[in-house]
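# Examining the three-dimensional arrangement
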Amino acid sequence: MPEIKVTPLGAGQDVGRSCILVSIGGKNIMLDCGMHMGYNDDRRFPDFSYITQNGRLTEFLDCVIISHFHLDHCGALPFMSEMVGYDGPIYMTHPTKAICPILLEDFRKITVDKKGETNFFTSQMIKDCMKKVVPLNLHQTVQVDDELEIKAYYAGHVLGAAMVQIKVGSESVVYTGDYNMTPDRHLGAAWIDKCRPDMLITESTYATTIRDSKRCRERDFLKKVHESIERGGKVLIPVFALGRAQELCILLETFWERMNLKAPIYFSTGLTEKANHYYKLFITWTNQKIRKTFVQRNMFEFKHIKPFDRSFIDNPGPMVVFATPGMLHAGLSLQIFKKWAGNEKNMVIMPGYCVQGTIGHKILNGQRKLEMEGRSTLEVKMQVEYMSFSAHADAKGIMQLIRMAEPRNVLLVHGEAAKMGFLKGKIEQEFSIDCYMPANGETVSVTTNPSVPVDISLNLLKREMALGGPLPDPKKPRTMHGTLIMKENSLKLVSSEQALKELGLNEHQLRFTCRVQLQDPHSDPDTLHRIYTHLKSVLKGYTIQHLPDGTVMVESIVIKVSSSAEDTNTKVLLLSWSYQDEELGSFLSTLLKKGLPAGIC
Amino acid sequence: MAAHLKKRVYEEFSHSKVVQIPQEEAPAKKLRLSKPSKSAALHIDLCKATNSTDALQYLLQFARKPVEVESVEGVVRILLEHYYKETDNSVRLKIASLLSLLSKTQGFIPDCIVDDAINTLTNEKSHQVLAQLLDTLLVIGTQLPESPTVRQRLIEVACKHLSDTYFGVRNKCLQLLGCLGTVDTPLSKDSEGPSTSIAPGAVRDVQSIISDYFGDQESRVRTAALKAMLQLHERGMKIHQIIYEQACRLLSDDYEQVRSAAVQMVWVLSHLYSESIVPIPSSNEEIRLVDDAFGKISHMVSDGSWMVRVQAAKTLGLMTQVSPQFLEQTLDKKLMSDLRRKRTAHERAKELFASGEFSSGRKWADDAPKERLDSNTVALIASGACGAFVHGLEDEMFEVRIAAVDALCQLARSSTSFAEKCLDFLVDMFNDEIEEVRLQSIHVLRQISTHITLREDQLDTVLAVLEDKSRDIREALHELLCFTNVSTKECIQLALLELLKNLNKYPTDRNSVWKCLKFMGSRHPTLVLPLVSELLSTHPYFDTPEPDMDDPAYIAVLVLVFNAAKSCPTMPALFSDHTFRHYAYLRDSLSHLVPPLRLPGRKQIYGLDSVDSGGGSGSVESAQLFLVQSLNRVSTIQNLEAPGAQDLLDFTIRDLQRLGELQTELVGAAEFCATYLRCQLLLMKALQDKLWNMAVPLCLKQNVTATAAAQQILEETYKLEFLYSGLENRQVATIHHVRLQAKALQLILTARTRQGLDPLISSCEKFLLDVESFQRLFLTELPHLQDSFVDKLLELMPRLSSCKPAELVKILQTTLRQSGLLQLKLPDQIHRATATIIEPTGESDNPLRFTSGLVVALDIDATLEHVQDPQTSVKVQVLYPDGQSHVIHPKPGDFRRPGPDRHRLITQVYLSHTAWTEPSQIEVRLLLAYSSSCTSFSSSAAKQGLERQHRRHPTTRGRRGGNDSVQQASQIASDLPQHSKHTT
């Protein structure tokens, strides 16, 4: 039986360095190629040696698909393509293609220039890698080769995020990447049609969460920010340059405008400015409101939000600062955090998920004393708030997507093992389909039941239709006679005559004959007539003929009568039928063996 | 037959004159042809056509012109004849579509072509043409709803073609069945093709035939089947409950149209069988069908297609019979337990919620898995109704959100506990990103606000919206605050503070804010009481400075306090002296905002006020009684010439007018009656003896007054008819009756004064037409008009139509004078349309200036009450000082609907004029357009405007020499008293 094999190299029972290998119908596809935020050593990238020990990956992979531009989904791409070696096509959507290199370059700068790492990919490598990228449009079916085709669906989450359907013949796999089932201030909700894939590979970051209404969260967030500002405190919101940042900016911007607040809002420069530029460009990927109003005013042209300068850190008075990165593990956000942590008037709002090992994760778990580099400790007095703004689907959202796509199997990635287990149970119970949650390096294989297409000759079909009425009834299967011809790579169903003709064979007739002895005092023709009337009364709806040559025909079955030599009362009936009429023939023989009823003249 | 027809057609074509031809079908029918018949022309054209393209062209041209009723049948026969000859599919298709078009002709009864149309079906091979022909039959069938034989035949035809392979044909057949089929008469289906699997002779009804196609392989056919079933329901057929299960299955169809139709179907069935019990699959428990359906439709709110989501959200709002525990689930996503089992479900859910199996996402790490409860009790999906509205309200498409808000409103109105629960969600919607949604949710909150009391934090969120830039939002919010109950005095203070802030920020909101405070004060007198000294900044020992009386904020506070004081007699004791003075001033200048108060020691001064308050809302019943009594008294006048009759009418009119002034609830009814009686009085005066007994030349003067009276009566009747809402057919008949009398009077006067017969003949004809149309319009009301003018007139009608004008006039004169007063019966609710122009005020000190030849925009803000369909009927008229005027049609979008029977017109009109030098005034009027449908003599509907109220608006412009400089000039402003309405 054909199989679909899925092996996560990263993101198996884990969040970070998403990289999933799929073999389907003899094709090998790599889904995402990310890095892990929590590590600074080799564990940062997926283990490509799983695919091949030495040499390039090109011959082992048919294509690579990147779902969106977050580094945990594309961070290892230049390493894989340039340093390990891959020359095949890399597919991503237009916004991803535009924004991805900026993020990679930023990532490279931090690791190489700041931390002084060597043996890392260079700017040139990023450029070379991006040259291999083939852009995708939403709902556009792209033929990778003759058999493999892929199609992108809108996934929400961040600008340009896509879910991909991979299809070989009638087997298919859907990979969701990260997605969001509730729309937010700048993006719409994920959507997929009822494509009924054999396997749905879905993220499960929030497997055990069912979020409150988005509006509650927004209100809470605004209230917290507002109160802190009124107290004269400073608010730090660590975000990643793209994604949540833009949503929260729009939220605060509109709130500031409505409430007429004067406190400054800052946004760390550099990356964000570039990113906002792309947000202004790819307006078609945003939500209904922004798409409808951009003619009057592009929502991403902020009025109240100004670029941040490092010197502003020590400015007195209230302010709101969006700073990167989002998990407080490095960069500006960490720097600001260190400065502000000591004052209880200040506040840090973590708007999203934090990977284990980051400072964000520590403070959210209530740690108040942090060990910093250089063995110093930092006491955290500022308020720490968590607000789940991260644009991942919650448990109900995941269930909703499964219901939308109606897959035959579900595979969970991109989540914590314990939570996955909980969701796995729910899915199995709710939809009664199989659900898998492999760890990294573990392979899951699912047997599929692909339908085999067979050509059927039109003549045969028409003939069958004439026999059985004009409308095929999809609910009732119908049997038909025909000959299946397997020639080269194609299957054909034709009528037996045509098959014989094609093969150059003669048709052989197969007939069964049988004798039945009958006690009947009448003469032969009379007996025949009695048989005729008897059959006529029994077999209604069949054509029964009394032929002048002393035979009775029931459909194609011939019945003859002859007296036996010894006893004229014993009549011998000859029945003859072809093998197609086996059923009727045997019925007749048993019927006649019982003898004729008395009352027939 | 065909040959005969052709011959006839040729005859018609060559003779263009009146011919009379006996016909087989209707031998006595007359055909009047004044120009070559259409049918003839068509036939010639079609015969000329050499190929199908030409024929198609001719048919297309033919279709552009209307066909008169008389020749429809002829045309149809020509078309059919050509149809049989035609080989090209597209031409046949066009012919078929023409047939359906022709069958729709007004006045044509298509029963004569049913057979032919059915015959065409038998030999048709093309599926498209077949579908079109069935469509034609559908049109014919709907035109002939009364004929059971035609219906039966058409249903048979439909059943026969149901097995067609082309989906369009099946669609049309199902449509036919839906439109014509009946459930109670079973159909025999024996004569069908060999395809059907049903044994011959089986008897099946339309419903089960249609439901067979719920499982069709073509999605469009499935949709059509569902639609046909809905159509059956609409026609009053009883749908069986078995359909429910099938419809539920279609809810998970692959195609959105099918799902959308299935949602409707399920809803219909849940209405029909709301109380029947259905089992829950995979358990042995049972629930009410309406609850089951509610759960299933709630599910559809998270459907993949937004059309279905809108449909589902809308439908939810209509399911008010659902049990409360299901209703409340729609607001909580986290109640994840399988709530479909009724008994212990609720407690189980609470446990689950408390145990925190699912995190809310508002606290970090509360989603760490704890020890698991029995996992069988948790079902993410099957919980049905769970959180349907939470999903709907945060949907991506604002259409869905609006539908969800509306549905919330409808459900909340029928359930108080639900209203309280959904409050938080509605308040949250005030922060929606789309203004329409915000506005809608504010409106909805107002509609359910009678059920609820706002808490402080909710009020806080609500009030935050007061700073919104959009005027509509702010005004909607003011409207909402008028109707809201709040719980504490802090709330009042908060609301006042925010309203004052709002007033400061947007001074144009003045009126709206004041009105809002008026209601807030009168709603919460006890809450305002402890705040009074603070609000008025009085002090027990010291005199505080007197606040500025012109400050809108101070007025706002006073409005709040005075309205609260109305039902709180202890409050005035807290007022300081200047407050009393300000009261007197405000009571005078803003009497609609400041109620009459019983102030200690000032009773004699405000004597009138106390009378007013004495006749307050408690005495509506007595006023109503008085109204009815007055009318009864008038009805005793049988003879118009009885002495004192006129006096009685005079007094009654006066009484009614005064009653209207005193009793605002009854102003519409009182004025309506008064106007009606005035008409009668005028008529009575005009018909006085003296006038008619004298010779014509001797009473010219009286003639003039009588003519004027007739004219006035006519005008008044138009006002009666179009200015008041809530009239029933009977009143309209009465009004028309008076109008007819006035017309008769006019006719008589014309006959008396004018010489010459010709004008008289035409006006007599007009009058008779009027009488006829009256009879036609008010056939059902005629029994109520016993002994009236019309009644007598109709008796004499045969004589009238044949007699000479002079005779007619004589008859009219006697009937008119003999007929008695027609008793007016008051409808339950009657309101007069009124309009108040808020902007421009006419008091402005700054004249508008404009440059000659260019335009200047003038903002107009007006409130319309009890105006039906203002989008089409209300116009703005601008009257320039030189008598020039023009009428402006406001855009439909300029009308807002803040409340029932109220409209708000906010628009801009452009003024433009040639040069003038002095500042002068421009009048702006609101007109109510109407068309008098009964005036058969004027081809286009006559439009007349009723001026409601006009204000002068000062406008100046200056021009010196050749340059277009603007000259500063003083302005004249004088607010005119409200004019009585008069037709323009």
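Check the entry above for the structure.
Below: a short report on this structure. For clarity, every value in this text was computed on a predicted model and none was experimentally measured. (Residues numbered from 1 in each chain as written. Chains lettered and ligands numbered in written order. Predicted model: local features only at pLDDT ≥ 70, side-chain atom pairs only at ≥ 80, totals over all residues. Heavy atoms only, no water.)

Right, let's get into the overall build of chain A. A count of helices and strands for chain A gives 16 helices and 30 strands. Taking 601 residues into account, the globule formula puts the C-alpha radius of gyration at 25 Å, and chain A, at 37 Å, lies well above it. Dimensions of chain A, computed from the C-alpha atoms along their principal axes, are close to 130 × 55 × 45 Å. Across the 601 residues in chain A, those meeting the buried criterion constitute 55%. (Helix = DSSP H or I, 4+ residues; strand = E, 2+ residues; numbered from the N terminus. Rg over C-alpha atoms; globule rule 2.2 N^0.38 Å. Buried < 20%, exposed > 50% of the residue type's maximum accessible area, 1.4 Å probe, protein only.)

Okay, helix α16 (residues 582-593) of chain A next. All names here are of chain A. If you check α16, its first and last C-alpha atoms are 16 Å apart, about what 12 residues at 1.5 Å a residue would give, namely 16 Å. Within the sequence span of α16, burial applies to Leu584, Gly585, Leu588, Ser589, Leu591 and Leu592. Around the axis of α16, the buried residues are gathered within 165 degrees of arc, so they sit on the same side. Of the residues in α16, the exposed ones pointing more than 90 degrees away from the buried face are Glu583 and Lys593. Structurally, α16 contributes buried residues whose contacts are with β26 (511-519), α15 (524-538), β28 (551-554), β29 (557-563) and β30 (570-578). Residue glycine 595 follows α16 closely and has a positive phi angle near 90 degrees. (Expected span 1.5 Å × (residues − 1). Arc of directions from axis to C-beta. Contact = heavy atoms within 4.5 Å.)

Before going further, it helps to spend a moment on the packing of helix α36 (residues 729-753) of chain B against helix α40 (residues 805-818) of chain B. Residues and elements named next belong to chain B. Here α36 crosses α40 at 130 degrees, and the two axes come no closer than 10 Å. When the axis of α36 is compared with that of α40, the two are oblique. Judged by the sense of rotation from one axis to the other, the crossing of α36 with α40 is left-handed. Of α40, the residues touching α36 (which contributes Gln741, Ala744, Leu745, Leu747, Ile748 and Ala751) are Leu808, Val809, Leu812, Gln813 and Leu816. In terms of residue class, the contact of α36 with α40 is built from nine nonpolar, two polar and no charged. (Axes fitted to C-alpha atoms, helices over the stretch in contact; angles between N-to-C directions. Parallel < 35°, antiparallel > 145°, perpendicular 65-115°, else oblique. Left-handed = near helix turned anticlockwise from the far one by under 90°. Nonpolar A, V, L, I, M, F, W, Y, C, P; charged D, E, K, R; others polar.)

All right, on to a nonpolar patch on the surface then. Together, A:Val452, A:Val454, A:Leu484 and A:Met486 give the surface a local cluster of nonpolar side chains, amounting to about 410 Å² of exposed area. Here A:Val454 lies in the loop between β22 (444-447) and β23 (455-456). (Patch = residues over 30% accessible without salt bridge, like charges linked within 9 Å, V, L, I, M, F, W, Y side chains within 5 Å. Areas by Shrake-Rupley, 256 points an atom, 1.4 Å probe, with all protein chains shown as cover. Salt bridge = Lys/Arg side-chain N within 4 Å of Asp/Glu carboxyl O.)

Moving on to helix α13 (residues 256-272) of chain B. An ideal rise of 1.5 Å per residue puts 24 Å on 17 residues; α13(B) measures up with 24 Å between its terminal C-alpha atoms. Against α11 (219-234), α12 (243-250), α14 (289-300) and α15 (306-318) of chain B lie the buried residues of α13(B).

Turning next to the pattern of salt bridges. Residues and elements named next belong to chain B. Per the stated rule, a full pass over the model turns up 53 salt bridges over all chains. The shortest N-O distance in the salt bridge between arginine 474 and aspartate 509 comes to 2.5 Å. You can see arginine 474 sitting in helix α23 (residues 471-483) and its partner aspartate 509 sitting in the loop between α24 (489-505) and α25 (510-523), a full 35 residues away along the chain. Using a relative accessible area of 3% as the deciding quantity, one classes arginine 474 as buried.

Glancing now at the sheet that holds strand β24 (residues 483-487) of chain A. All names here are of chain A. If you walk across this open sheet you meet the three strands as β23-β25-β24, and the pairing is mixed. Across the chains shown, the open sheet's two edge strands, defined by having one partner strand only, are β23 and β24. The sheet contact formed by β23 and strand β25 (residues 490-494) spans two bridges and is parallel. By the bridge assignment for β25, isoleucine 456 is matched with leucine 493. (Pairing = 2+ DSSP bridges.)

Moving on to the side chain of B:His478. Residue and element names in this part refer to chain B. Tracing the sequence through the fold places histidine 478 in helix α23. A polar side-chain atom of histidine 478 sits 2.6 Å from a polar atom in the side chain of serine 512. The contact partners of histidine 478, leaving out residues within four places of it in the chain, are Leu466, Leu499, Asn502, Asp509, Ser512, Val513 and Cys516. (Polar contact = N/O pair within 3.5 Å; in protein donor to acceptor, adjacent residues only side chain to side chain.)

What follows is about the pairing of strand β3 (residues 27-31) of chain A. Residue and element names in this part refer to chain A. Burial analysis of β3 places four of its five residues in the buried class, the great majority of the element. As paired strands, strand β2 (residues 19-24) and β3 are joined by five bridges and run antiparallel to one another. Its bridge partner lying in β3, valine 22 is registered against isoleucine 29. In sequence, β2 turns back onto β3 through a hairpin of two residues, with glycine 25 there showing a positive phi of about 50 degrees. When β3 meets strand β4 (residues 63-65), the two strands line up parallel, connected through three bridges. Residue pairing for β4: methionine 30 is matched across the bridge by valine 64.

On the surface, a cluster of positive charge is contributed by A:Lys109, A:Lys114, A:Lys274 and A:Arg310. Following the sequence through the fold, A:Lys109 ends up in helix α3 (residues 94-114). (Lys, Arg positive; Asp, Glu negative; His and termini not counted. Charge placed at Lys NZ, Arg CZ, Asp CG, Glu CD.)

Here we take up unusual backbone geometry. Residue and element names in this part refer to chain A. Unusually for a residue other than glycine, asparagine 119 sits at a positive phi of about 55 degrees. The topology assignment puts asparagine 119 in the loop between α3 and α4 (123-131). The exposed category is assigned to asparagine 119, whose relative accessible area is 67%. Phi is positive for histidine 157, which is not a glycine, with a value near 55 degrees. Tracing the backbone through its elements, the reader meets histidine 157 in the loop between β8 (148-154) and β9 (162-168).

Here we come to the nonpolar core. Core analysis: the biggest nonpolar cluster contains 183 residues, and B:Leu137 and B:Ile210 have the highest contact counts within it. Residue contacts for B:Ile210: discarding those within four places in its chain leaves B:Leu174, B:Leu177, B:Gly178, B:Ala225, B:Ala228, B:Met229 and B:Leu232. If you look at the next biggest cluster of nonpolar residues, it comprises 136 residues, including A:Tyr91, A:Leu103, A:Ala155 and A:Ile250. (Core = buried A, V, L, I, M, F, W, Y, C linked by side-chain atoms within 4.5 Å.)

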